[in-house]
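Chains, contacts and geometry: an overview
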2 protein chains.
Amino acid sequence: MKQDRAFALDSILNNPSSPWMDGSGNLADVVISSRVRLARNLKDTPFPHLLEEKEADQVLDRVFSAVDLIGPRGFGGEIIKVRLDNLSLLDRQVLVEKHLISPQHAESGFGKGLILRQDEAVSIMVNEEDHLRIQCLHSGLELDEAWILASGIDDLCDELLDFAYDERIGYLTSCPTNVGTGLRASVMVHLPALAMANEVSRVLAAVNKLGLVVRGIYGEGTEGQGNVFQISNQISLGQTEKEIIENLSLVAKQVVSEEKRVREGLFKNRRAELEDRVFRALGILSNARRMTSNEAIRLWSDLRLGVEFEMIPGLTMKDTNQILVLSRPNYVQRTAGKSLQPEERDTRRAELIRRHLANRKV
Amino acid sequence: MKQDRAFALDSILNNPSSPWMDGSGNLADVVISSRVRLARNLKDTPFPHLLEEKEADQVLDRVFSAVDLIGPRGFGGEIIKVRLDNLSLLDRQVLVEKHLISPQHAESGFGKGLILRQDEAVSIMVNEEDHLRIQCLHSGLELDEAWILASGIDDLCDELLDFAYDERIGYLTSCPTNVGTGLRASVMVHLPALAMANEVSRVLAAVNKLGLVVRGIYGEGTEGQGNVFQISNQISLGQTEKEIIENLSLVAKQVVSEEKRVREGLFKNRRAELEDRVFRALGILSNARRMTSNEAIRLWSDLRLGVEFEMIPGLTMKDTNQILVLSRPNYVQRTAGKSLQPEERDTRRAELIRRHLANRKV
């Protein structure tokens, strides 16, 4: 049984494709994915950073037992439970690159666990900043669906684990910014046309004014990489879950319509330039022998825009999105089964991308 | 008969490949081609720039008649004779791009003619700076062969036309720098490795000190384009033909050995970088939708180096060299049958190169 689970996790770590980036769902030409995350803590138990190793292990055991009781039926799919200290650093970092755990959770430490639905749509970090971080990821603009899924799992867990909750202020969390609903909702959007038209900062400044936060694809400090941005709610107190989700959905739809407006203009007025850019990206990705992750994500952005315009025969959105994970430093190293020097990584990355694109049906 | 000749010239103008760049011959991995040019003038006839239209036409008629008498046997192949005023400006400029006539000869003016052997190895400009400029072009380092060919044709012409010759100073020419042997010999070399190693200027400065001139692929002002350089003798007086040819051959061989030394080092120590560069060039040339002639020749240089290292299956040196002509502004416009705006040219150029590379056998 344990062997099977290890194998199941291995297949997730090996696969550069996650269902949340298969290009399906609402407005998927601009919205890559939607995520809902709930911060929850066990009643009468100190927050994780205050726990001794033994106590942290007890929390992990309690959560794992509850998950077993809930079972695949409650989760809507097969579940994998892992203690992160059983995984190599490389494996943990690949989970970060697949957006299944946070960078903090990948750091070494005791009592850390991960519960993962086989299709990667549900993941629960145990003993990250809070005892539980229940996360649901969907492809496209599907915040409602992600929220319904997360909320259902939250209810099942609450019955068995009894979460810390205050009638007046809501769920108690380790960091005050999460107090209240404990909800963070986010959408990952791809804005290549706004970027080409130098309109990204204007649009994102407006988003900020609406009380939402904008981060890069891999969190702060990665702004603009691949023209991918994550938009999320800043506060979880003083608004109902429904309001948070609705507000973010609305803003996301506005951003989508801005991006689409500019895309249409580009397609109409700058088609030759656009095609040139898309096919150069394809040419370089299909032929280069060395490539940094920065260049890969830059070219990926051009390629994805081309796929959205149906310029490239035989290349699906799913295949295209896979390049995102395929080109991440830790994923690249994991395929080699060892850590690599930057130059070796660049060579291997180029090879992985090249082979991946050579497989497309033309 | 006239129809046939027009057709023969048309096939030369349509074909981006010239035998002189088929990648054959001595040291052809570095030396693209060897050229020998003889400046000759008719005795007791003013130089071309002093001729009235009628007189220039008489010179042209005399030369054309002599050529007819010499016939295909004397020239070693079928001969095409054309009056340049019968050609469009675009056609004349394509002849320049194929190195068959000089830029000056393509300019409008009266009495200008061209005699061309069907395989493009022999061309005679009539009424350029001198009455005759007999040029022989060979692939590779084949100065002796080109000289023997040029000299044979010179002798046959001299018998019929009687060239202006002074026992003391030699052949009389319009410009004093050509007086004496009237010989200009040149080699076109491709030095991508020396360029990558930043050693081109050192090597070419040494060449200059030996009394030779270095120009770019399309003459002065194109230095460095595609890492192609033309090395030629500066003076034609005071040395015998044999000395001029031998001297240039010797210098060319030294340049070749410098280039090859650096290439070997690159292949040994920087192979990954080299391969990356070569395949990126291939990827961009095979996929771009718009390309300037400057970018095309830059990428061509990388591609050619890759072909020399046998990195690219199915791509011959001949196919590669064709890109040189294929990407020239006038050739590009001629394929469209009309002059084009720069942007239209860039689009058409990219398409021509793309189709050309798609035809290679992989």
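Just so we're clear, the structure is a prediction, and the values are computed from it rather than from any experiment.

Definitions and limits used
Residues numbered from 1 in each chain as written. Chains lettered and ligands numbered in written order. Predicted model: local features only at pLDDT ≥ 70, side-chain atom pairs only at ≥ 80, totals over all residues. Heavy atoms only, no water. Helix = DSSP H or I, 4+ residues; strand = E, 2+ residues; numbered from the N terminus. Rg over C-alpha atoms; globule rule 2.2 N^0.38 Å. Buried < 20%, exposed > 50% of the residue type's maximum accessible area, 1.4 Å probe, protein only. Phe/Tyr/Trp six-rings, centres within 6.5 Å; stacked < 30°, edge-to-face > 60°. Lys NZ or Arg CZ within 6 Å of the ring centre and 35° of its normal. Expected span 1.5 Å × (residues − 1). Contact = heavy atoms within 4.5 Å. Least-squares fit on C-alpha atoms with pLDDT ≥ 70 in both. Pairing = 2+ DSSP bridges. Axes fitted to C-alpha atoms, helices over the stretch in contact; angles between N-to-C directions. Domains from an automatic or database assignment. Buried area = accessible area lost by both parts, 1.4 Å probe. Salt bridge = Lys/Arg side-chain N within 4 Å of Asp/Glu carboxyl O. Polar contact = N/O pair within 3.5 Å; in protein donor to acceptor, adjacent residues only side chain to side chain. Parallel < 35°, antiparallel > 145°, perpendicular 65-115°, else oblique. Nonpolar A, V, L, I, M, F, W, Y, C, P; charged D, E, K, R; others polar. pLDDT = per-residue confidence, 0-100.

1. A look at the overall build of chain A
Tallying secondary structure elements over chain A gives 13 helices and 10 strands in all. In terms of C-alpha radius of gyration, chain A reaches 21 Å, essentially the compact-globule figure of 21 Å for 362 residues. Dimensions of chain A along its principal axes, counting C-alpha atoms only, are 65 × 45 × 35 Å. Counting the 362 residues in chain A, one finds 58% classified as buried.

2. A few points about the packing of aromatic side chains
Enumeration according to the criterion identifies four aromatic pairs over all chains in this entry. Measuring from ring centre to ring centre gives 4.8 Å for Tyr165(A) and Tyr171(A), while their planes differ by 65 degrees; the resulting arrangement is edge-to-face. Residue Tyr165(A) is classed as partly exposed on the basis of its relative accessible area of 42%. Tyr171(A) gets classed as buried once you look at its relative accessible area, which sits at 13%. Geometry around Phe279(B) places Arg289(A) over its ring, the cationic atom sitting 3.5 Å from the centre.

3. Digging into helix H9 (residues 271-287) of chain B
Count 3.6 residues to each turn of an α-helix, and residues three or four apart come out pointing the same way. For H9(B), spanning 17 residues, the distance from its first C-alpha to its last is 24 Å, which sits close to the expected 24 Å at 1.5 Å a residue. Buried residues of H9(B): Leu274(B), Asp276(B), Val278(B), Phe279(B), Arg280(B), Ala281(B), Leu282(B), Gly283(B), Ile284(B), Leu285(B) and Asn287(B), and no others. Each element contacted by the buried residues of H9(B) is listed here: helix H9 (271-287) and helix H10 (293-308) of chain A together with helix H6 (192-196), helix H8 (241-269), helix H10 (293-308) and helix H13 (342-358) of chain B.

4. Concerning the relation of the copies chain B and chain A
The two copies are related by a screw operation: chain B maps onto chain A through 180 degrees of rotation and 0.0 Å of translation along the axis, at an RMSD of 0.0 Å. Here the two chains are linked by the operation of a two-fold rotation axis. Within chain B, Gly283(B) has its C-alpha nearest the rotation axis, a separation of 2.0 Å. Take the interface residues of chain B: 100% of them recur as interface residues in chain A, which is what a same-surface contact looks like.

5. Topic: the sheet that holds strand E3 (residues 113-117) of chain B
All names here are of chain B. Pairing is antiparallel in the open sheet, where eight strands are placed in the order E2-E3-E4-E5-E1-E8-E10-E9. Of all the strands in the sheet, just strand E2 (79-83) and strand E9 (212-216) have a single pairing partner and so form its edges. For this sheet, the mean angle separating the axes of adjacent strands, direction not counted, is 20 degrees. Across seven bridges, the pairing between strand E1 (residues 31-40) and strand E8 (residues 183-190) is antiparallel. The partner of Ser33 across the bridge, within E8, is Met188. Contacts from helix H2 (residues 53-75) reach E2, E3, strand E4 (122-126) and strand E5 (132-139) within the one sheet, and its direction differs from that of E2 by about 170 degrees.

6. Remarks on the side chain of Arg334(B)
Residues and elements named next belong to chain B. The residue Arg334 is located in helix H12 (residues 329-336) in this model. Owing to a relative accessible area of 15%, Arg334 belongs among the buried residues under this scheme. Non-local contacts of Arg334, meaning those with residues more than four positions away in its chain, are made with Asp10, Leu13, Asn14, Leu90, Asp91 and Val94.

7. Considering the domain arrangement of chain A
Residues and elements named next belong to chain A. Domain assignment breaks chain A into domain 1 (2-264) and domain 2 (270-359). Between the C-alpha centres of domain 1 and domain 2 the distance comes to 26 Å. Tallying the contact residues gives 28 residues for domain 1 and 27 residues for domain 2. Across the interface of domain 1 and domain 2, roughly 2600 Å² is buried in total on both sides, 61% from carbon and sulfur atoms.

8. Here's the deal with the pattern of salt bridges
One pass over the structure, following the stated rule, counts 60 salt bridges over all chains. Connected via shared salt-bridge partners are Glu128(A), Glu129(A), Asp130(A) and Arg133(A).

9. Considering the interface of chain B and chain A
With 15 residues of chain B at the interface, the matching set in chain A holds 15 residues. With both sides pooled, the region where chain B packs onto chain A buries about 1400 Å², and carbon together with sulfur makes up 53% of that total. By the criterion of area lost to chain A, the three top residues of chain B are Arg280(B), Arg289(B) and Arg290(B), representing 41% of everything that side buries. Connecting chain B to chain A are two salt bridges. Among the salt bridges present, the one from Arg280(B) reaches Glu295(A), with a minimum N-O distance of 2.7 Å. Across the chain B-chain A interface, the total number found is eight residue pairs in polar contact (both at pLDDT 80 or more).

10. What about the sheet that holds strand E9 (residues 212-216) of chain A?
Residues and elements named next belong to chain A. Here eight strands make up an open sheet; going across it, the order is E2-E3-E4-E5-E1-E8-E10-E9 and the pairing antiparallel. Only two strands of the sheet have a single neighbouring strand rather than two, namely strand E2 (79-83) and E9. For this sheet, the mean angle separating the axes of adjacent strands, direction not counted, is 20 degrees. Where strand E1 (residues 31-40) and strand E5 (residues 132-139) come together, eight bridges link them in antiparallel fashion. Residue pairing across strands places Ser34 opposite His138, the latter belonging to E5. Relative to the sheet, helix H5 (residues 143-161) contacts E1, strand E3 (113-117), strand E4 (122-126), E5 and strand E8 (183-190), its axis offset from that of E1 by approximately 20 degrees.

11. Some details on the side chain of Asp91(A)
All names here are of chain A. Tracing the backbone shows Asp91 in helix H3 (residues 89-97). Overall, Asp91 belongs to the buried group, its relative accessible area being 13%. Leave out the neighbours within four places in its chain, and Asp91 touches Leu13 and Arg334.

12. A short note on the packing of H9(A) against helix H13 (residues 342-358) of chain A
Residue and element names in this part refer to chain A. One can describe the packing of H9 onto H13 by two numbers: an axis separation of 7 Å at closest approach and a directional angle of 115 degrees. One way to sum up the angle between H9 and H13 is to call them roughly perpendicular. Seen from H9, the contacting residues are Leu282, Leu285, Ser286 and Asn287; seen from H13, they are Ile353, Arg354 and Leu357. Of the residues belonging to the contact of H9 with H13, the class tally is four nonpolar, two polar and one charged.

13. Quick notes on the confidence of the model for chain A
Residues and elements named next belong to chain A. Across chain A, the average pLDDT comes to 92, with 98% of residues at or above 70. Within chain A, no element has a lower average pLDDT than helix H1 (residues 2-14), which sits at 74, and none a higher one than E4, at 97. The complex model carries a pTM of 0.89, and its ipTM stands at 0.86.

14. Some thoughts on unusual backbone geometry
The phi torsion at Glu310(A) lies on the positive side, around 55 degrees, for a residue other than glycine. Along the polypeptide, Glu310(A) turns up in the loop between H10 and helix H11 (317-326).

15. Structural notes on the packing of H10(A) against H11(A)
All names here are of chain A. Running from amino to carboxyl end, H10 crosses H11 at an angle of 170 degrees, the nearest separation of the two axes being 9 Å. With respect to H11, the element H10 is oriented roughly antiparallel. Contacts between H10 and H11 involve Ile297, Trp300, Leu303, Arg304, Val307 and Glu308 on the former and, on the latter, Met317, Thr320, Asn321, Ile323 and Leu324. Within the contact of H10 with H11, the residues separate by chemical class into seven nonpolar, two polar and two charged.

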